[in-house]
Amino acid sequence: MLVAQRTASEPGIRDASAVMATDANRKALAAIGYGDAGRDQDFAAAGPNDLVLAIEGEAAAVDSVIARADSYFARGSGPVAGVDAAPEPRSIAQALAARPDCNVAVISVPGEHAAREARAALSAGLHVFIFSSNVSVEDERALKTAARERGLVVMGPDCGTAYLGGAGIGFANAVRRGPIGIVAASGTGMQEFASLVHRAGSGISSGIGTGSRDLTDAIGGLSTMAGLDALEADPSTKVIALVSKPAGIATTVALAKRLSRCAKPVIPCLLGAESGDADALRPVFSIDEAVCAALRAAGANEPGFLQFDEHRMRERAASEIERMHPRQRYVRGLFAGGTLCYQAQAIFRRSGLTVYSNSPLHGMRELPDPRVSQNSAFVDLGAETFVQGRPHPMIDATERRTRFGHEGSDPSVAVILLDFILGAIASTDPVGDLLDRIREIRDAARASGRHLCVAASVCGTDDDRQSLQRQVRALEDAGVLVFASSAQAAIFCREAALLLARRGQVA
Amino acid sequence: MSIKLEDLVRGDLAPVFVNVGVRDFGESMRDAGYEVVFVDWSPPAGGDPRLAALLDDLL
């Protein structure tokens, strides 16, 4: 939330956080001393519909921020005070009474309330997009079964992005329309795929989000199947890409059967799948490979920016490492995009490298404390631990700024890998939110005899309001190594990790 | 009568959205030129999901 960022940037303020006053958040804040040990009555009475602004800093600075609290919430949208407007409906049923032609519900209420709203939407005959996470598997299955019976689709829960016809829903990038349809389990997976297709000169027909658990055997791919049916029937879709984590065993069989009778080519991109895992689906293993395969199937050329020379990548990594102190050994990834974190782990695993993660791929190690990295580690800052009651790192860089400071000040860290996600709803300047921090920490490293390498990718297009070109240029001007895709940035880091490991053995 | 997903995918019918929750979602779609009805949502039954489920069963 921007209010936390604005507050935290005031002089004398060390940290600020804006969270909804859910029970869990109030308990967490009370545990670190907020609420005056139960004596603060406002704090004790606050509920899930209230916002708590928690500020830490010098007393005078905190008092000053509190006195001007309202000013931090000022923004350019929403109802204008003093102007009469019809009251907004209080429920989906009331919304339908006012506008019977509504056909899609977009639900982003706290997870424990999302299933109830989704049920109401399905009962009213609406397709549903659920951004909320924290919805039980049982509720998800019940909702998707009810949707199928009604000829509807539930996109989510935990769905970040979709494209219906030309309409982007959620964290969507500005991409041209074209012949490639997407069914994707995650928002950032769909964003990266769609943006790369756009940059290659092609476009997207529609994109159906399914939620991260759809292909597990507990759900059985109900939304994936609905998405495939719709895209297969759509005359403007010539090829379909399916981007997901690997499917459950039973669901893989059902999916293979479905794909074998699909009238259009389908490119399954199963991130984290191992050879032999899903052979029946003949998957590709990275989003870049999926983009190239989809372009080929659509009769378009593969773009030059997705071709790279591994040898040159290794040389580039070597020239960075030459400048480093011998104690610098580890790669740390701080991701806003969960799927990009997952993909990076898959790229490391295929070269036999192991990393720690708070969201570990099979065969990787779980970080005992997601807030503290060890060895080489990839952290998904959009994971539940970091976003419960807080804004996602694609919107608010506060958590990543802090974490970047910790990682960059660690003398054992050699490379920090970052992703920046552009598009609707995301921060208006994702790179700008972090850039001064990157400069500050790299300068401090240099002053203590270390060369800190920062590698990054930017997901988005020049038609996004943040402008891909502008964001990339700002990073490059600050000495950050920018790669054409998240997979390429991870491959660079893999080469660096292999060289660092070899150097460690020699030393 | 429900609208088929195929009709929205084909673009034969423009989506008309109901936004329930964070306003930014609805605003981004409205800014892109789509019609959005905003629900002024608050947690049902004072934020107690179990009580809300009981009320749903009663109504």
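Scope of this entry: the structure provided in the associated data block. None of the values given here were measured: they were computed from a predicted structure.

Reading the values: rules and limits
Residues numbered from 1 in each chain as written. Chains lettered and ligands numbered in written order. Predicted model: local features only at pLDDT ≥ 70, side-chain atom pairs only at ≥ 80, totals over all residues. Heavy atoms only, no water. Helix = DSSP H or I, 4+ residues; strand = E, 2+ residues; numbered from the N terminus. Buried < 20%, exposed > 50% of the residue type's maximum accessible area, 1.4 Å probe, protein only. Contact = heavy atoms within 4.5 Å. Areas by Shrake-Rupley, 256 points an atom, 1.4 Å probe, with all protein chains shown as cover. Buried area = accessible area lost by both parts, 1.4 Å probe. Salt bridge = Lys/Arg side-chain N within 4 Å of Asp/Glu carboxyl O. Polar contact = N/O pair within 3.5 Å; in protein donor to acceptor, adjacent residues only side chain to side chain. Phe/Tyr/Trp six-rings, centres within 6.5 Å; stacked < 30°, edge-to-face > 60°. Lys NZ or Arg CZ within 6 Å of the ring centre and 35° of its normal. Axes fitted to C-alpha atoms, helices over the stretch in contact; angles between N-to-C directions. Parallel < 35°, antiparallel > 145°, perpendicular 65-115°, else oblique. Left-handed = near helix turned anticlockwise from the far one by under 90°. Nonpolar A, V, L, I, M, F, W, Y, C, P; charged D, E, K, R; others polar. Pairing = 2+ DSSP bridges. Expected span 1.5 Å × (residues − 1). 1 Å grid on protein atoms, 1.4 Å probe; cavity = no way out; pocket = protein on both sides within 12 Å on 5 of 7 lines; lining within 4 Å. Points joined across faces, edges and corners; volume = space filled by probe spheres on them. Core = buried A, V, L, I, M, F, W, Y, C linked by side-chain atoms within 4.5 Å.

Thoughts on the overall build of chain B
So, step 1. Scanning chain B for helices and strands turns up three helices and two strands.
So, step 2. Order of helices (α) and strands (β) in chain B, N terminus to C terminus: α-β-α-β-α.
So, step 3. Counting across all 59 residues of chain B, residues that qualify as buried make up 39%.
So, step 4. The contacts of chain B with a sequence gap of at least 6 include a subset with a gap of at least 24, amounting to 0%.
So, step 5. Put simply, chain B shows about 3,200 Å² of open surface, and 54% of that area lies on carbon and sulfur atoms.

Topic: the interface of chain B and chain A
So, step 1. Between chain B and chain A, the residue contacts involve 37 residues of the former and 55 residues of the latter.
So, step 2. Counting the surface lost from both chain B and chain A, the interface buries some 4,000 Å², and carbon and sulfur atoms represent 62% of this.
So, step 3. Of all residues in chain B, L5, V9 and F25 of chain B bury the most surface against chain A, accounting for 17% of the area lost on that side.
So, step 4. Put simply, chain B and chain A have three salt bridges between them.
So, step 5. Measuring nitrogen to oxygen at the nearest pair gives 2.6 Å for the salt bridge that ties E35 of chain B to R99 of chain A.
So, step 6. If you look at where chain B meets chain A, you find 20 residue pairs in polar contact (both at pLDDT 80 or more).
So, step 7. Every element with two or more residues in the side of chain B that touches chain A is listed here: α1 (5-10), β1 (16-20), α2 (23-31), β2 (35-39) and α3 (49-58) of chain B.
So, step 8. In terms of residue count, the dominant contributor to the side of chain B that touches chain A is α2 of chain B (six residues).

Things to note about the packing of aromatic side chains
So, step 1. Under the definition given, this model contains seven aromatic pairs over all chains.
So, step 2. Judged by centre distance (4.8 Å) and plane angle (50°), the rings of F131 of chain A and F25 of chain B are tilted. Highlighted residues: F131 of chain A in the loop between β4 (127-130) and α7 (137-150) and F25 of chain B in helix α2, drawn from two different chains.
So, step 3. The exposure class of F131 of chain A is partly exposed, given its relative accessible area of 25%.
So, step 4. A residue is classified by how much of its surface remains accessible, and F25 of chain B, at 2% relative accessible area, is buried.
So, step 5. Here F17 of chain B and Y34 of chain B contribute two aromatic rings whose centre-to-centre distance is 6.3 Å and whose plane-to-plane angle is 75°, an arrangement assigned as edge-to-face. Taken together, the residues F17 of chain B in strand β1 and Y34 of chain B in the loop between α2 and β2 connect sequence positions 17 residues apart.
So, step 6. Its relative accessible area of 0% is what places F17 of chain B among the buried residues.
So, step 7. Feature note: the residues F131 and F171 of chain A together with F25 of chain B constitute an aromatic cluster, connected by ring pairs.
So, step 8. Here R199 of chain A stacks its cationic end above the ring of F305 of chain A, 4.8 Å away from the centre of that ring.
So, step 9. Between K245 of chain A and the ring centre of Y342 of chain A, over which it is positioned, the NZ or CZ distance is 4.5 Å.

Observations concerning the side chain of S205 of chain A
So, step 1. Tracing the backbone shows S205 of chain A in strand β9 (residues 204-209).
So, step 2. Residues in contact with S205 of chain A, not counting those within four places in the same chain, are G165, R177, G178, I180, G181, L231, D234, S236 and T237 of chain A.

Focus: the packing of helix α8 (residues 187-199) of chain A against helix α11 (residues 287-297) of chain A
All names here are of chain A.
So, step 1. Orientation of α8 relative to α11, taken along the N-to-C sense of each, is 45°, at an axis distance of 10 Å. Classified by the interaxial angle, the pair formed by α8 and α11 is oblique. Crossing handedness for the pair α8 and α11: right-handed. Contacts between α8 and α11 involve G189, E192, F193, L196 and V197 on the former and, on the latter, I287, D288, A290, V291 and A294.
So, step 2. Here the contact of α8 with α11 is built from residues that sort into seven nonpolar, one polar and two charged.

Here's the deal with the sheet that holds strand β3 (residues 104-107) of chain A
The strands making up a sheet associate through hydrogen bonds between their backbones, and the pairing can be parallel or antiparallel.
So, step 1. What the five strands build is an open sheet, ordered β5(A)-β4(A)-β3(A)-β1(B)-β2(B); its pairing is parallel. Either end of the sheet is taken by a strand with one partner, and the two such strands are β5 (154-155) of chain A together with β2 of chain B.
So, step 2. Across four bridges, β3 of chain A lies against β4 of chain A in parallel orientation. Residue pairing for β4 of chain A: V104 of chain A is matched across the bridge by H127 of chain A.
So, step 3. Of the strands in this sheet, β3, β4 and β5 of chain A together with β1 of chain B touch helix α6 (residues 111-123) of chain A, which is tilted by about 160° from β4 of chain A.
So, step 4. Here α2 of chain B sits on the sheet in contact with β3 and β4 of chain A together with β1 and β2 of chain B, set at roughly 160° to β2 of chain B.

Remarks on helix α15 (residues 398-409) of chain A
Residues that lie three or four places apart on an α-helix share one face, since the helix turns once every 3.6 residues.
So, step 1. Its twelve residues place the ends of α15 of chain A 17 Å apart at the C-alpha level, agreeing with the 16 Å of an ideal helix rising 1.5 Å per residue.
So, step 2. Taken together, the buried positions of α15 of chain A are T398, R400, R403, F404, G405, E407 and G408 of chain A.

Focus: empty space enclosed by the protein
Residue and element names in this part refer to chain A.
So, step 1. A full pass over the atoms with the stated rule returns one cavity of 30 Å³ or more.
So, step 2. Estimates place the volume of the largest cavity at around 80 Å³.
So, step 3. Ranked by residue count, the leading element in the lining of the largest cavity is strand β16 (residues 413-421), at three residues.
So, step 4. Broken down by class, the residue content of the lining of the largest cavity amounts to eight nonpolar, one polar and four charged.

Examining the nonpolar core
So, step 1. L164, F193, I204, F348, F378, V415 and F492 of chain A are the most contacted members of the largest nonpolar core, which totals 106 residues.
So, step 2. With ten residues, helix α18 (residues 486-506) of chain A is the largest single contributor of residues to this core.
So, step 3. In this structure, L164 of chain A is in contact with V104, M155, I169, S206 and I208 of chain A together with L5, L8, V9 and P15 of chain B, ignoring residues within four places of it in sequence.

A closer look at the sheet that holds strand β15 (residues 377-380) of chain A
All names here are of chain A.
So, step 1. Taking strand neighbours across the sheet as the criterion, the seven strands line up as β14-β13-β15-β12-β16-β17-β18 in an open arrangement whose pairing is parallel. Every interior strand has two partners, whereas the edge strands, β14 (365-366) and β18 (481-483), have only one.
So, step 2. Looking at chain direction, β16 and strand β17 (residues 453-459) are connected through seven bridges and run parallel. Residue pairing for β17: I421 is matched across the bridge by C459.

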